[in-house]
Amino acid sequence: SRSGDLQIGTDGSVWVNIGAQTWYSPNGDDNSFSEISSQNPGATGLPRSNRRMSYALAKDPDVMYVVQTDQVFVDPGNGTSVSIGQGFDKLYRTEDRGATWEVIMQRTNTFDPTCNGNSYCQANWNLMLGVDPNDENHVFFGGIDVWEWRRSSGRRKVDGGGSFYIHADKHEII
């Protein structure tokens, strides 16, 4: 299987997406990896995903974010569903190295930073996620648009027009 994303913590721990699964190792040694995701995750688990995933680790290696994507379908007005590509599905956060997960954001009919309205979605092409190095409760994510989330205030769009314009197709944040 191929790896979709890989993150190495400040303590040498390793997180990797292989196939549809999220794996964790405290040190990256062979035979030290265990699957963190689950086919039946329950309310506080991280589901497996056969779509694209992206990871971001905070300085504190206990804190990790995962964004998952999914196919987006729209009704063009004739009672059918048409796929417009892969879009944002959910953003997860753990504070205990993946033992439990919290959904901190999810796609709605009016919110998807990887879609251009109801015309196309492209999370399979551009998907970025990063944690503020000075604040583990502040994360940036997006694809077509850049958004930020803070535990204290929720989400808001941070790229806009004028001198703050950022071209679409965000792939990485450093």
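Below is a summary of the structure that appears in this document.

Rules used throughout
- Residue positions are given per chain, counted from 1 along the sequence in the order it is written.
- This being a predicted model, a pLDDT of at least 70 is required before a residue's local features are given, and a value of 80 or more before pairs of side-chain atoms are given or counted; all residues contribute to the totals for chains, interfaces and linings.
- Side-chain figures throughout are based on the complete set of non-hydrogen atoms in the structure, without hydrogens or water.
- Working definition of a nonpolar core: buried Ala, Val, Leu, Ile, Met, Phe, Trp, Tyr and Cys residues. They are joined through side-chain atoms within 4.5 Å.
- Each residue is assigned to one of three classes by its accessible area relative to the maximum for its type, calculated with a 1.4 Å probe on protein chains only: buried under 20%, partly exposed between the two thresholds, exposed over 50%.
- Residue contacts are counted whenever heavy atoms from the two residues lie within 4.5 Å of one another.
- The criterion for a disulfide is a pair of cysteine sulfur atoms lying within 2.5 Å.
- Any two strands between which DSSP finds at least two bridges are classified as paired.
- Put simply, DSSP marks the helices as runs of H or I at least four residues long and the strands as runs of E at least two long, and each gets a number from the N terminus on.
- Geometry is summarised by axes, namely lines fitted to C-alpha atoms with helices restricted to the contacting stretch, and by angles between N-to-C directions that run from 0 to 180 degrees.
- Basic side-chain nitrogens of Lys or Arg form a salt bridge, by our definition, when they fall within 4 Å of a carboxyl oxygen of Asp or Glu.

**Considering the nonpolar core**
Part 1 of the argument: Core analysis: the largest hydrophobic core is formed by 17 residues, its most contacted members being Tyr 65, Leu 91, Met 105, Leu 129, Val 139, Phe 141 and Trp 149.
Part 2 of the argument: Setting aside anything within four residues of it in sequence, one finds Phe 141 in contact with Leu 91, Met 105, Phe 111, Pro 113, Met 128, Leu 129, Val 146, Trp 147, Glu 148 and Trp 149.

**A few points about the state of the cysteines**
Part 1 of the argument: Under the defined criterion, the tally for this structure stands at 1 disulfide.
Part 2 of the argument: Two residues, Cys 115 and Cys 121, share a disulfide whose sulfurs are 1.8 Å apart. Between Cys 115 and Cys 121, the S-S dihedral sits near 105°, and the bridge is therefore right-handed.
Part 3 of the argument: Using a relative accessible area of 6% as the deciding quantity, one classes Cys 121 as buried.

**Description of the sheet that holds strand E15 (residues 146–150)**
Each strand in a sheet pairs with its neighbour through backbone hydrogen bonds, running either in the same direction (parallel) or in the opposite one (antiparallel).
Part 1 of the argument: Strand order across the open sheet formed by 4 strands is E13-E14-E15-E16, with antiparallel pairing between neighbours. Among the strands making up the open sheet, the edge pair consists of strand E13 (128–131) and strand E16 (154–157). On average, adjacent strands in this sheet sit at an angle of 20° to one another, irrespective of strand direction.
Part 2 of the argument: Bridge analysis of E15 against E16 gives 4 bridges, and the strand direction is antiparallel. Paired with Arg 150 across the bridge in E16 is Gly 154.

**Some points on the sheet that holds strand E10 (residues 102–106)**
Part 1 of the argument: Reading across the sheet, the 4 strands line up as E7-E8-E9-E10 and stay open at both edges, with antiparallel pairing between neighbours. Here the strands that pair on one side only, and so sit at the sheet edges, are strand E7 (53–57) and E10. Pairwise comparison of adjacent strand axes, ignoring direction, gives a mean angle of 25° for this sheet.
Part 2 of the argument: Pairing of E7 with strand E8 (residues 64–74), which is carried by 5 bridges, proceeds in the antiparallel orientation. In the strand pairing of E8, Met 53 is matched with Gln 68.

**Points about the pattern of salt bridges**
Part 1 of the argument: The final tally for this structure, using the stated rule, is 11 salt bridges.
Part 2 of the argument: When the shortest N-O distance is used, the salt bridge between Arg 150 and Glu 148 registers 3.8 Å.
Part 3 of the argument: For Arg 150, a relative accessible area of 31% corresponds to the partly exposed category.

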